[in-house]
Amino acid sequence: MANEGILSTTKRFLTPQKTLEAEEDEQSAMSSSAAVDGVAATALRSVLHRVQLAAEKSGRRADEIRVVAVSKTKPAAVLRQVYDAGHRCFGENYVQEIVEKAPQLPEDIEWHFIGNLQSNKVKPLLSAVPNLAMVESVDDEKIANRLNTVVSSIGRKPLKVLLQVNTSGEESKSGVEPSGCVELAKHVSLDCPNLEFCGLMTIGMLDYSSTPENFKTLANCRAEVCKALGIPEEKCELSMGMSADFELAIEMGSTNVRIGSIIFGPREYPKKQST
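Since the structure is predicted, the reported quantities are computational estimates derived from the model, not experimental observations.

The rules behind these values
- Residues numbered from 1 in each chain as written.
- Predicted model: local features only at pLDDT ≥ 70, side-chain atom pairs only at ≥ 80, totals over all residues.
- Heavy atoms only, no water.
- Helix = DSSP H or I, 4+ residues; strand = E, 2+ residues; numbered from the N terminus.
- Buried < 20%, exposed > 50% of the residue type's maximum accessible area, 1.4 Å probe, protein only.
- Areas by Shrake-Rupley, 256 points an atom, 1.4 Å probe, with all protein chains shown as cover.
- Axes fitted to C-alpha atoms, helices over the stretch in contact; angles between N-to-C directions.
- Parallel < 35°, antiparallel > 145°, perpendicular 65-115°, else oblique.
- Left-handed = near helix turned anticlockwise from the far one by under 90°.
- Contact = heavy atoms within 4.5 Å.
- Nonpolar A, V, L, I, M, F, W, Y, C, P; charged D, E, K, R; others polar.
- Core = buried A, V, L, I, M, F, W, Y, C linked by side-chain atoms within 4.5 Å.
- Disulfide = S-S within 2.5 Å.
- Polar contact = N/O pair within 3.5 Å; in protein donor to acceptor, adjacent residues only side chain to side chain.
- Expected span 1.5 Å × (residues − 1).
- Arc of directions from axis to C-beta.
- Salt bridge = Lys/Arg side-chain N within 4 Å of Asp/Glu carboxyl O.

Undergrad: Got a minute to help me understand the overall build of the chain in this structure?
TA: Within the chain, the secondary structure is distributed over 10 helices and 8 strands. Here the chain holds 275 residues, and the buried ones make up 44% of them. Surface summary for the chain: the accessible area is close to 14,800 Å², and the carbon and sulfur share equals 52%.

Undergrad: Where do I start with the packing of helix α6 (residues 141-154) against helix α7 (residues 181-191) in this structure?
TA: Helices that pack against each other are described as a pair by the angle of their axes relative to one another and the distance between those axes. Viewed as axis vectors pointing N to C, α6 and α7 meet at an angle of 15°, and their least axial separation amounts to 10 Å. Considering the angle they form, α6 stands roughly parallel to α7. Taken as a pair, α6 and α7 cross one another with a handedness that is right-handed. Facing Glu141, Ala144, Asn145 and Asn148 of α6, the residues of α7 in contact are Leu184, His187, Val188 and Asp191. Counted by class, the contact of α6 with α7 contains 3 nonpolar, 3 polar and 2 charged residues.

Undergrad: Before we go on, may I ask you to explain the nonpolar core in this structure?
TA: Note on soluble globular proteins: their nonpolar side chains tend to be buried together. Counting 64 residues, the largest nonpolar core has Trp111, Leu132 and Leu147 as the members making the most contacts within it. Top contributing element to this core by residue count: helix α2 (residues 20-57), with 6 residues. Excluding anything up to four places from it in sequence, leucine 132 contacts Ile98, Trp111, His112, Phe113, Leu125, Leu126, Arg156 and Leu159.

Undergrad: I tried to follow the state of the cysteines on my own but got confused; where do I start?
TA: Two cysteines, two sulfur atoms, one covalent bond between them: this is a disulfide. Evaluation of the coordinates by the stated rule reveals 0 disulfides. Summary of cysteine pairing: cysteine 198 is not part of a disulfide, and the nearest cysteine sulfur, belonging to cysteine 236, is at 8.8 Å. For cysteine 198, a relative accessible area of 7% gives the class buried. Between cysteine 236, a free cysteine, and cysteine 226, which holds the nearest cysteine sulfur, the sulfur-to-sulfur gap is 4.0 Å.

Undergrad: Even after reading the chapter, I still don't get unusual backbone geometry, so can you show me in this structure?
TA: A negative phi holds for most residues other than glycine; trans holds for most peptide bonds. Even without being glycine, lysine 72 reaches a positive phi, approximately 50°. By secondary structure assignment, the location of lysine 72 is in the loop between β1 (66-70) and α3 (76-84). The partly exposed category is assigned to lysine 72, whose relative accessible area is 24%.

Undergrad: Hey, could you run me through the side chain of lysine 74 in this one?
TA: The topology assignment puts lysine 74 in the loop between β1 and α3. A relative accessible area of 4% places lysine 74 in the buried class. One polar contact links the side chain of lysine 74 to the main-chain carbonyl oxygen of phenylalanine 264, over a distance of 3.4 Å. Residues contacting lysine 74, with those up to four places away along its chain left out, are Leu79, Lys101, Phe264, Gly265, Pro266 and Glu268.

Undergrad: Sorry, what's going on with helix α8 (residues 211-229) here?
TA: The periodicity of an α-helix, 3.6 residues per turn, causes residues three or four positions apart to be oriented the same way. With 19 residues, α8 ought to run about 27 Å at 1.5 Å a step, and its terminal C-alpha atoms sit 27 Å apart, in line with that. Burial in α8 covers these residues: Thr211, Asn214, Phe215, Leu218, Cys221, Arg222, Val225 and Cys226. Burial along α8 is one-sided: seen end-on, the buried residues are contained in an arc of 130°. Here the buried face of α8 lies against α7, β6 (195-201), β7 (237-239) and α9 (246-251).

Undergrad: Before we go on, may I ask you to explain the pattern of salt bridges in this structure?
TA: Working definition: two side chains of opposite charge can pair if their charged atoms are close together. Counting across every chain of the model gives 12 salt bridges. Residue arginine 66 pairs with glutamate 237 through a salt bridge whose shortest N-O separation is 2.9 Å. A residue pair is termed long-range when its members are at least 10 positions apart, and arginine 66 in strand β1 and glutamate 237 in strand β7 qualify at 171 residues. Glutamate 237 gets classed as buried once you look at its relative accessible area, which sits at 16%. Glutamate 97 is the salt-bridge partner of lysine 101, the closest N and O atoms lying 3.0 Å from each other. On the criterion of helical spacing, the pair formed by lysine 101 and glutamate 97 is a turn pair, its members being 4 residues apart in helix α4 (residues 95-101). Pair check on accessibility: lysine 101 and glutamate 97 agree, each one buried. Through salt bridges with shared partners, a single network forms among Arg60, Arg61, Asp63 and Glu64.

Quick look at the structure:
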């Protein structure tokens, strides 16, 4: 420890251009980051406990539900603390976010992409994130075909996908209509050999007023898809439930919950510089 203090002091004298004020600012930022990290790790433990209770309430085991920690605008350092707390499954809504963070973090992370995916972003996403475990937002044949082609061209193993279903009927939301689920599932399963159909995903209404109905609709879609494909419902995942409604989602059969704000806090966007 004494040597570290000497080295720190020496470094300060060797870099006179770095003012004491700047150094104090840097230390303050690091302390702030560490505080946020600690909060995120504690929040994760609370979420996992709540998942366990919700699972027990519905007669299921906690290890039957995957928790995807969605960091959104948070820096890689905050994710690293949650990783160090033992978590391995993380998700992102934007391609730019995931391609920037993934290389900074351990390779054993299982990344989920959960946002709207454009065809021209598929190759950058798959090339930059070799440990991408799943895309949860396939909503039409075009994006399925593009994913299938790129997976083949870069020589990676088949990619797991979920079909995003617009269960609320809102025009502002992406997703295949419930009536189109079966056809899209057939297309992915039969015509996209480099994709592995794993189930369905939905996003509830913003005010959560119709959450139970949304979840019931997704469960009904699963029943229809499984019947058409001849697979047991246990082999078809349901990704539903976020920070405000994940316990209800688990009670209604969710196998995959996407938790962001109650682990990492609200999104943070760069403030615009005043002119």
